[in-house]
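One letter stands for each residue in the lines below.
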Amino acid sequence: MPRTTFLSYFQPSIGEDEINEVIDTLKSGWVTTGEKSHIFERNFADYLGVDCALALNSCTAALHLALLLLNIKPGDEVITTPFTFVATSNVIEYLHARPVFVDIERDTLNIDPNKIEEKITNKTKAILIVHYGGHACEMNAIMDIANKYSIPVVEDAAHGMGGSYHNKKLGRFGTFSAFSFYANKNITTIEGGMLIGNKELINKARIMSLHGIDRDAWKRYRQDGSWFYEVIYPGLKYNMTDVSASIGLHQLKKINSLQGKRSRIANSYNAAFKNNPFLEVPCQKSKIDHAWFNYPLRLNLERLKISKAEFINELTKLNIGTSVHFIPVHLHPYYKNKYGYVPNDFPVAYKEYQRVLSIPLYPAMLDSDVEDVIESICLILNKVGEK
Ligand SMILES: *Cc1c(COP(=O)(O)O)cnc(C)c1O
């Protein structure tokens, strides 16, 4: 029996604790960056096992600040993956540098370490990696290359919250790493992000994130504060509000139970689909804790009578929401026109894009929702699969 109500691709898990904390903040007389943002930073750094963290209004902001502090200049090159959300390469464009794409591994959909070295030139100033879907990149190989050429690594860990590589949490490898708390990420502040780096770099980033002013506003307005401040750089306006931090504080407390639910759902899908000849389930290499930001299911198109787009339409008709992660960056008009890309410039990214879709995976799903997704997919495949 198909569902009678639409199962949305994603819904955040925001509970009474988050709501009450927001109300407390709204009534407190201090609503923007202040004590709660700082506690959230502290707790996040403790969770990750790092010295310091900077709460920001997005992961995009965190990535932009990271590249700015690495002194990326016009004409510099930053190596990255085309199989990502455009924010990853847009921040390179912000600085008038050039994103140099490296094709992905077929199994994990992460940047292929074997193809990085051939793209390094004397203009390469950073390697910006993405842990696609929450599966770690091949960090040993990537750090070896980075160290060999003394090129800093930045981790776009927007999907990486809760994931690890060889027992080390994602976000602990790069000179900088950036997390996202956008509404559909593993934990949310509605909009928000976190930048991780060493103390000196984070202190500089903090100044850059707030107009280039050398002190926090909240310190100035407290009784013991001073009215005096100096601008040392035309900085950005990237700070996180205490209203957002109020949500993040409680989301962070729930991280283990939220991640547990994600991996249980992923296991149910794996069990249901792994022997299906029309499907390929996501890979999970050994010594990897998967963060399961999404569940990228791949269609074996050569055995199907329909395309991915048609498959998605069929699922929509059965009231199942889906998404696609991602339309490769080099296919977007801005990048295609500026750099003259053709789809097969990154053949693995292009080929996998044509067969990948993300199916619902979030802690608020009921067991019956998971069953509905599985049944609907099997129902469609029974009709369109060629034996
Ligand atoms: C969501 C996402 C971002 C951007 O996060 P924001 O917090 O919305 O700026 C960056 N990179 C990847 C891979 C993402 O999925």
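Quick caveat, the model's predicted, so the values are computed rather than measured.

A few points about unusual backbone geometry
With omega at 5°, the peptide bond leading from His 325 into Phe 326 counts as cis. By secondary structure assignment, the location of Phe 326 is in the loop between helix H10 (308–317) and helix H11 (333–339). Non-glycine residue Trp 292 carries a positive phi angle of around 45°. When you line up the elements, Trp 292 lands in the loop between strand E11 (288–289) and strand E12 (295–299). With relative accessibility at 3%, the residue Trp 292 sits in the buried group. Although it is not a glycine, Asn 319 adopts a positive phi angle of roughly 70°. Structurally, the position occupied by Asn 319 is in the loop between H10 and H11.

Digging into the packing of aromatic side chains
A complete count under the given rule lists 20 aromatic pairs for this structure. Ring centres 5.6 Å apart and planes at 70° place the aromatic pair Tyr 341 and Phe 346 in the edge-to-face group. Pair check on accessibility: Tyr 341 and Phe 346 agree, each one buried. Joined through ring pairs, the aromatic side chains of Phe 101, Tyr 334, Tyr 335, Tyr 339, Tyr 341 and Phe 346 make up one cluster. A cation sits over an aromatic face here: Lys 169 above Tyr 47, 4.7 Å from the ring centre.

Brief notes about the site of the ligand
Every one of the 16 residues lining the ligand counts as a neighbour, but Thr 60, Asp 156, His 159, Ser 180 and Lys 185 are closest to it. Between the ligand and Lys 185 there is a distance of 3.2 Å, counted from an oxygen atom to a side-chain nitrogen or oxygen. Here the ligand loses 93% of its free accessible area of 380 Å² to cover by the protein chains. Of all the elements in the fold, those that place two or more residues in the shell around the ligand are helix H3 (59–69) and helix H4 (87–94). For the shell around the ligand, the class distribution of residues is seven nonpolar, seven polar and two charged.

Some details on the packing of H10 against helix H13 (residues 367–384)
Packing of H10 against H13 leaves a shortest axis separation of 10 Å and a crossing angle of 125°. Comparing the axis directions of H10 and H13 gives the class oblique. Our pair here, H10 against H13, has a crossing hand that is right-handed. Between H10, through Phe 311, Glu 314 and Leu 315, and H13, the contact on the second element is made entirely by Ser 376, Ile 377, Ile 380, Leu 381 and Lys 383.

Quick notes on the pairing of strand E3 (residues 98–101)
Where strand E2 (residues 77–80) lies against E3, four bridges are found, and the strand directions are parallel. What sits directly across from Val 78, in E3, is Pro 99. In this view, the connection linking E2 to its parallel neighbour E3 by way of H4 has right-handed handedness.

Describing the sheet that holds strand E6 (residues 164–165)
As a general point, the strands of a sheet are linked pairwise by backbone hydrogen bonds and lie either parallel or antiparallel. Reading across the sheet, the three strands line up as E7-E6-E11 and stay open at both edges, with antiparallel pairing between neighbours. Edge positions in the sheet fall to strand E7 (168–169) and E11, since each has one partner strand and no second. Direction of pairing for E6 relative to E7: antiparallel, over a ladder of two bridges. Looking at the pairing, Tyr 165 lines up with Lys 168 of E7.

Comments concerning the side chain of Glu 77
Following the sequence through the fold, Glu 77 ends up in strand E2. Lys 123 provides the closest opposite charge to the buried, unpaired Glu 77, separated from it by 4.7 Å. The residues contacting Glu 77, other than those within four sequence positions of it, are Arg 98, Val 100, Lys 119, Thr 121, Lys 123, Thr 124, Lys 125 and Ala 126.

Structural notes on the pairing of strand E13 (residues 356–359)
What you see with E13 is no split at all: Val 356 and Ser 358 on one side and Leu 357 and Ile 359 on the other are buried throughout. Sheet topology places E12 next to E13; four bridges connect them, and they run antiparallel. Across the sheet, Leu 297 pairs through a bridge with Leu 357, a residue of E13.

Observations concerning helix H6 (residues 199–208)
Where H6 is concerned, the buried positions are Leu 201, Ile 202, Ala 205 and Met 208. Projected down its long axis, H6 shows its buried positions confined to an angular sector of 115°, all on one face. Seen from the buried face of H6, the exposed residues on the opposite side, beyond 90 degrees, are Lys 199 and Glu 200. You can read the cap of H6 off the contacts: a side-chain oxygen lies 3.1 Å from the backbone nitrogen of Glu 200, and it is on Asn 198.

Focus on the side chain of Ser 177
Considering the arrangement of structural elements, one finds Ser 177 in strand E8 (residues 176–180). If near-sequence neighbours (up to four positions away) are discounted, Ser 177 is found in contact with Glu 155, Gly 171, Met 194, Leu 195 and Ile 196.

What counts and what doesn't
- Residues numbered from 1 in each chain as written.
- Predicted model: local features only at pLDDT ≥ 70, side-chain atom pairs only at ≥ 80, totals over all residues.
- Heavy atoms only, no water.
- Helix = DSSP H or I, 4+ residues; strand = E, 2+ residues; numbered from the N terminus.
- Buried < 20%, exposed > 50% of the residue type's maximum accessible area, 1.4 Å probe, protein only.
- Phe/Tyr/Trp six-rings, centres within 6.5 Å; stacked < 30°, edge-to-face > 60°.
- Lys NZ or Arg CZ within 6 Å of the ring centre and 35° of its normal.
- Near = heavy atom within 4 Å.
- Polar contact = N/O pair within 3.5 Å; in protein donor to acceptor, adjacent residues only side chain to side chain.
- Areas by Shrake-Rupley, 256 points an atom, 1.4 Å probe, with all protein chains shown as cover.
- Nonpolar A, V, L, I, M, F, W, Y, C, P; charged D, E, K, R; others polar.
- Axes fitted to C-alpha atoms, helices over the stretch in contact; angles between N-to-C directions.
- Parallel < 35°, antiparallel > 145°, perpendicular 65-115°, else oblique.
- Left-handed = near helix turned anticlockwise from the far one by under 90°.
- Contact = heavy atoms within 4.5 Å.
- Pairing = 2+ DSSP bridges.
- Right-handed = clockwise from strand over helix to strand, strands pointing away.
- Lys, Arg positive; Asp, Glu negative; His and termini not counted.
- Salt bridge = Lys/Arg side-chain N within 4 Å of Asp/Glu carboxyl O.
- Arc of directions from axis to C-beta.

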